[in-house]
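# Coordinates in review
Residue strings, one per chain:
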Amino acid sequence: MQVFFRPFAGVIGMLAYAFLINGVMRLKVKQSFVSFLLWAMLDTIATVTTIVEGGNYWLPLSNALGGIIVSILLAIKKQISFSWVEALTAVLVIICLIVWHFSGTKAGIISSSLAVVIASIPQMVETYETPSKTPTGVYIIFLTANIISFVAGKDWTIQERFYSGCTVFLCLVIVLFSIRNFKQKTMHE
């Protein structure tokens, strides 16, 4: 069953990116450039280290490709901001990368996965502050892809479930923060 669900999670992840890319292109969606740039770099590291370890790489691969495309689009659309939150996040990500460099591929999976969560802080803050700018449906699709990838892990090892477990957490937080928009609209009606 994992043979089907692993690539299926990657396909669902790319579907979410297709919707997100469409929203960014039409200027209806505002996202954190720094988060996507860091996610693209970290997802690439997670993909490579997971492949080297023979693990479940489809989800980080789709996230790396999607993150690269979204980062480029956000830069073209001049949706770039850099505050103390992004600076602190970048420093924490660098710390995680140093750990990976000196500790090997399994540590690379752990540190890059944790750094993906850390790199989500600007997007989480932005979603919390202005939930209406976050496409809840897209993040529900991302959450679904992450859950499928987590379930598709063939065993309880770092290379099979750690990355998807981390991304389930970060997408769940973003979805919950973005749902506040629906609650706020309902309360004002």
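First, a word on what this report is: a plain description of the structure on this page. (Residues numbered from 1 in each chain as written. Predicted model: local features only at pLDDT ≥ 70, side-chain atom pairs only at ≥ 80, totals over all residues. Heavy atoms only, no water.)

### Focus on helix H1 (residues 2-25)
The α-helix advances 3.6 residues per turn, and as a result positions three or four apart in sequence lie on the same side. Its 24 residues place the ends of H1 34 Å apart at the C-alpha level, agreeing with the 34 Å of an ideal helix rising 1.5 Å per residue. Residues of H1 that are buried include every one of Arg 6, Ala 9, Gly 10, Ile 12, Gly 13, Ala 16, Tyr 17, Leu 20, Ile 21, Gly 23 and Val 24, and no others. Downstream of H1 by a residue or two, Leu 27 has a phi angle that is positive, lying close to 60 degrees. (Helix = DSSP H or I, 4+ residues; strand = E, 2+ residues; numbered from the N terminus. Expected span 1.5 Å × (residues − 1). Buried < 20%, exposed > 50% of the residue type's maximum accessible area, 1.4 Å probe, protein only.)

### What to know about the nonpolar core
Counting 40 residues, the largest nonpolar core has Leu 20, Phe 36, Trp 39, Tyr 139, Phe 142 and Leu 170 as its most contacted members. Sorting the residues of this core by element identifies H1, helix H2 (33-52), helix H3 (58-76), helix H4 (84-103), helix H5 (105-119), helix H7 (136-152) and helix H8 (158-188) as the ones contributing at least two each. Every residue in contact with Leu 20, bar those within four places of it in the chain, is listed here: Val 29, Gln 31, Phe 36, Val 70, Pro 135, Val 138 and Phe 142. (Core = buried A, V, L, I, M, F, W, Y, C linked by side-chain atoms within 4.5 Å. Contact = heavy atoms within 4.5 Å.)

### A word on the packing of aromatic side chains
Inspection of the entire model under this criterion finds 10 aromatic pairs. Here the aromatic rings of Phe 4 and Phe 5 are separated by 5.2 Å at their centres, their planes lie at 70 degrees, and the arrangement is edge-to-face. Exposure remark for Phe 4: the relative accessible area of 48% places this residue in the partly exposed category. Since its relative accessible area comes to 26%, Phe 5 is described here as partly exposed. Between Phe 36 and Trp 39, the aromatic rings sit 4.7 Å apart at their centres with planes inclined by 80 degrees, giving edge-to-face as the arrangement. With Phe 36 and Trp 39 both in helix H2 and three residues apart, this pair spans about one turn of that helix. The class of Phe 36 is buried, set by a relative accessible area of 1%. The class of Trp 39 is buried, set by a relative accessible area of 5%. Among the aromatic residues, those joined into a cluster by ring pairs are Tyr 17, Phe 36, Trp 39, Tyr 139 and Phe 142. The ring of Phe 150 has Arg 161 sitting right over it, with the charged end atom 5.5 Å from the ring centre. The aromatic ring of Trp 156 is capped on one face by Arg 161, whose charged end is 4.1 Å from the ring centroid. (Phe/Tyr/Trp six-rings, centres within 6.5 Å; stacked < 30°, edge-to-face > 60°. Lys NZ or Arg CZ within 6 Å of the ring centre and 35° of its normal.)

### Some words on the environment of Leu 73
Its location among the elements puts Leu 73 in helix H3. Measuring from C-alpha to C-alpha, the distance between Leu 73 and Glu 126 comes to 18 Å, with 53 residues separating the pair along the chain. Setting aside anything within four residues of it in sequence, one finds Leu 73 in contact with Ile 21, Val 24 and Met 25.

### A word on unusual backbone geometry
Positive phi values are uncommon outside glycine, yet Lys 78 reaches one of about 60 degrees. For Lys 78, the position within the fold is in the loop between H3 and H4. The exposure class assigned to Lys 78 is exposed, which follows from its relative accessible area of 71%.

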